[in-house]
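Spelled out, the chains give:
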Amino acid sequence: MSNKYGISEIELVKIKERDKLCVYCHKVMEDPRSGGLRNDWATIEHMNYLPPWNNHNTVAMCCFSCNSSRGKKKLIDWFKTSYCADRNINNETAAQPVKGFIKLYRDC
Ligand SMILES: [Zn+2]
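The notes below deal with the structure included here.

**Notes on the pattern of salt bridges**
The tally for this structure, following the rule as stated, stands at seven salt bridges. A salt bridge links Arg33 to Asp31, with the shortest nitrogen-to-oxygen separation between them at 2.8 Å. A relative accessible area of 77% means that Arg33 is categorised as exposed. Residue Asp31 is classed as partly exposed on the basis of its relative accessible area, which comes to 33%. Measuring nitrogen to oxygen at the nearest pair gives 3.7 Å for the salt bridge that ties Asp77 to Lys80. Given a relative accessible area of 37%, Asp77 falls into the partly exposed group. Assessed through its relative accessible area of 66%, Lys80 is described here as exposed.

In structure tokens, the structure reads:
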């Protein structure tokens, strides 16, 4: 079974287990159902700005704040924004899944 992005529920569980902190800013994320600040909510991040979004190489968990700041920007373009500069978010400081993704997909 897979959701609208073509990622299986099994794969999604693995991704949620792997990414307990935001893969970009490393904050502890809240379950949206538990309330808390919206900016701290855990969201599904499609690191590719285009599909495929079907596996742990292209999907990660990040906080609502980072997800909405990035929007539809390419990762490499988003890293140049003041949001990322202020928080020291870049391809060196991002979590391993992001680094792996950047290695796999050059134009990301
Ligand atoms: Zn974040």
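Having seen the model, we can carry on.
**Remarks on the coordination of the zinc ion**
For a metal bound by four donors in tetrahedral geometry, the ideal donor-metal-donor angle is 109.5 degrees, whereas six donors in octahedral geometry ideally sit at 90 or 180 degrees. Of the protein atoms, only Cys22 (SG), Cys25 (SG), Cys63 (SG) and Cys66 (SG) coordinate the zinc ion, at distances of 2.3 Å. Angles of 102 to 115° at the metal separate the four donor atoms of the zinc ion, which places the site in the tetrahedral class. Positions of the donor residues of the zinc ion along the chain correspond to the pattern C-x2-C-x37-C-x2-C. Of the residues examined, Cys63 reaches a relative accessible area of 0% and is grouped as buried.

**As for unusual backbone geometry**
Not every positive phi belongs to a glycine, and His26 is a case in point at roughly 65°. Counting through the fold element by element, His26 comes out in the loop between helix H1 (9-18) and strand S1 (42-46). The backbone phi angle of Asn88 is positive, close to 55°, even though this residue is not glycine. For Asn88, the position within the fold is in the loop between helix H4 (82-87) and helix H5 (96-104). Taking relative accessible area as the criterion, Asn88 reaches 48% and is therefore assigned partly exposed.

Reading the values: the criteria
- Residues numbered from 1 in each chain as written.
- Predicted model: local features only at pLDDT ≥ 70, side-chain atom pairs only at ≥ 80, totals over all residues.
- Heavy atoms only, no water.
- Salt bridge = Lys/Arg side-chain N within 4 Å of Asp/Glu carboxyl O.
- Buried < 20%, exposed > 50% of the residue type's maximum accessible area, 1.4 Å probe, protein only.
- Donors = N, O, S within 2.8 Å, 3.2 Å for Na, K, Ca; no water.
- Tetrahedral: all angles 85-135°; square planar, octahedral: opposite > 155°, others 65-115°.
- Helix = DSSP H or I, 4+ residues; strand = E, 2+ residues; numbered from the N terminus.

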